[in-house]
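Listed below, chain by chain, are the residues.
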Amino acid sequence: DEADLAYFLRRLPDGVPINVIGLGSNLLVRDGGVPGVVIRLGRGFNEIKVEADHRLRVGTAVPDVKVARAAAEAGISGLAFYRGIPGSIGGALRMNAGAHGRETKDCLISARAVDLDGNVYAFSLADMGFTYRHCSIPDGWIFTEAVFQGSPGDPADILKDMDEVAEYRGHGGNQHEEHH
């Protein structure tokens, strides 16, 4: 979890390279491996909580498609575009991921991250410094959580929007499950 990650980073010797990966779906590693430490967030960062006022609190290891699905099931509109974005929420925060006319900046309320010295930070939307496919949080800082704001919606309509996103990506229109 976030406390374990902060503890680990505080005790990591200076100069050890750190490489953070998301789901690893577009990752190639040469035979020699990767120097230093590779961090891939797991179960402690994989929770989705539906909150009042059409909000979702999401760990950054959660795949984008699962956020879209959880929002649809909860009747939260405005997050269906995540159905068309491969990867996890951590990457979506890092690159202000977007599709179909919406970007992460359009629905994010706040985020949390741990720096390379193990300090934990909370960021508002304004703090994120989003621009096209970029945020201003220093490279290497590891996002741990995001809170998204949606609006009330009908689950069937949201699922239809997700189908349209999936169809656009060439995955077929009736698939609501992620593929591994």
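Going by the structure above, here's the rest.
The rules we used
- Residues numbered from 1 in each chain as written.
- Predicted model: local features only at pLDDT ≥ 70, side-chain atom pairs only at ≥ 80, totals over all residues.
- Heavy atoms only, no water.
- Patch = residues over 30% accessible without salt bridge, like charges linked within 9 Å, V, L, I, M, F, W, Y side chains within 5 Å.
- Areas by Shrake-Rupley, 256 points an atom, 1.4 Å probe, with all protein chains shown as cover.
- Salt bridge = Lys/Arg side-chain N within 4 Å of Asp/Glu carboxyl O.
- Helix = DSSP H or I, 4+ residues; strand = E, 2+ residues; numbered from the N terminus.
- Phe/Tyr/Trp six-rings, centres within 6.5 Å; stacked < 30°, edge-to-face > 60°.
- Buried < 20%, exposed > 50% of the residue type's maximum accessible area, 1.4 Å probe, protein only.
- Pairing = 2+ DSSP bridges.
- Axes fitted to C-alpha atoms, helices over the stretch in contact; angles between N-to-C directions.
- Contact = heavy atoms within 4.5 Å.
- Core = buried A, V, L, I, M, F, W, Y, C linked by side-chain atoms within 4.5 Å.
- Lys, Arg positive; Asp, Glu negative; His and termini not counted.
- Polar contact = N/O pair within 3.5 Å; in protein donor to acceptor, adjacent residues only side chain to side chain.

Focus: a nonpolar patch on the surface
Together, Leu27, Val29, Val34 and Val38 make up a nonpolar patch on the protein surface, roughly 310 Å² of accessible area in all. Looking at where Val38 falls in the secondary structure, it is placed in strand β2 (residues 37-40).

So, the packing of aromatic side chains
Applying the stated criterion to the full structure yields 5 aromatic pairs. Between Tyr121 and Phe123 the ring centres are 6.2 Å apart and the planes differ by 20°, which places this aromatic pair in the stacked class. Among the residues examined, Tyr121 registers a relative accessible area of 30% and is labelled partly exposed. For Phe123, a relative accessible area of 11% gives the class buried.

Digging into the sheet that holds strand β8 (residues 108-114)
As summarised here, the arrangement of the 5 strands in space is β3-β4-β10-β8-β9, forming an open sheet in which the pairing is antiparallel. At either end of the open sheet lies a strand with only one pairing partner, and these are β3 (48-51) and β9 (120-124). Within this sheet the neighbouring strands show an average axis-to-axis angle of 15°, counted without direction. Judged from the 4 bridges that link them, β3 and strand β4 (residues 55-59) form a sheet pairing that is antiparallel. The partner of Ile48 across the bridge, within β4, is Val58. Docked against the sheet, helix α1 (residues 2-11) engages β8, β9 and β10 (142-149), running at close to 40° with respect to β8.

A look at the environment of Arg83
With respect to the element layout, Arg83 can be found in the loop between β5 (76-77) and α3 (89-95). Between the C-alpha atom of Arg83 and that of Leu159, which follows or precedes it by 76 residues, the distance is 9.8 Å.

A look at the nonpolar core
By size, the foremost hydrophobic cluster in this structure holds 33 residues, and its most contacted members are Leu79, Tyr82, Met128 and Phe148. For this core, the secondary-structure elements that each account for two or more residues are β4, α2 (64-73), α3, β8, β10 and α4 (155-168). Leave out the neighbours within four places in its chain, and Met128 touches Leu93, Leu108, Ala111, Phe123, Cys135, Ser136, Ile137 and Phe143. One finds Val37, Ile39, Val114 and Ile142 within the second-largest nonpolar core, a separate group that totals 11 residues.

A word on α2
Along an α-helix, residues three or four apart share an orientation, since each turn contains 3.6 residues. Within α2, 8 of the 10 residues are buried, leaving the element largely enclosed by the surrounding structure. The complete set of buried residues in α2 reads Asp64, Val65, Val67, Ala68, Arg69, Ala70, Ala71 and Ala72. Count one or two residues on from α2 and you reach Gly75, which has phi positive near 70°.

Considerations on the pattern of salt bridges
Tallied over the entire structure, the rule returns 7 salt bridges. Ionic pairing is found between Arg57 and Glu51, a salt bridge with its closest N-O pair at 2.6 Å. Between Lys105 and Asp106 there is a salt bridge; the shortest N-O distance is 3.3 Å. On the basis of relative accessibility, which here comes to 34%, the residue Lys105 falls in the partly exposed class.

A few points about the side chain of Asp115
Mapped onto the fold, Asp115 is located in the loop between β8 and β9. Here Asp115 sits buried without a salt bridge, and the closest side chain of opposite charge, Arg10, lies 7.6 Å off (N-O distance). A polar contact of 2.9 Å, which involves the side chain of Asp115, links it to the backbone nitrogen of Asp117. A distance of 2.8 Å separates a polar side-chain atom of Asp115 from the backbone nitrogen of Asn119. Dropping the residues within four chain positions of it, Asp115 is found in contact with Leu9, Tyr121 and Trp141.

A few points about the pairing of β10
Across the 8 residues of β10, 6 count as buried, placing the element largely inside the fold. In this structure, β4 lies alongside β10, joined through 5 bridges in antiparallel fashion. Its bridge partner lying in β10, Arg57 is registered against Val147. Sheet analysis places β8 next to β10, joined by 6 bridges and oriented antiparallel.

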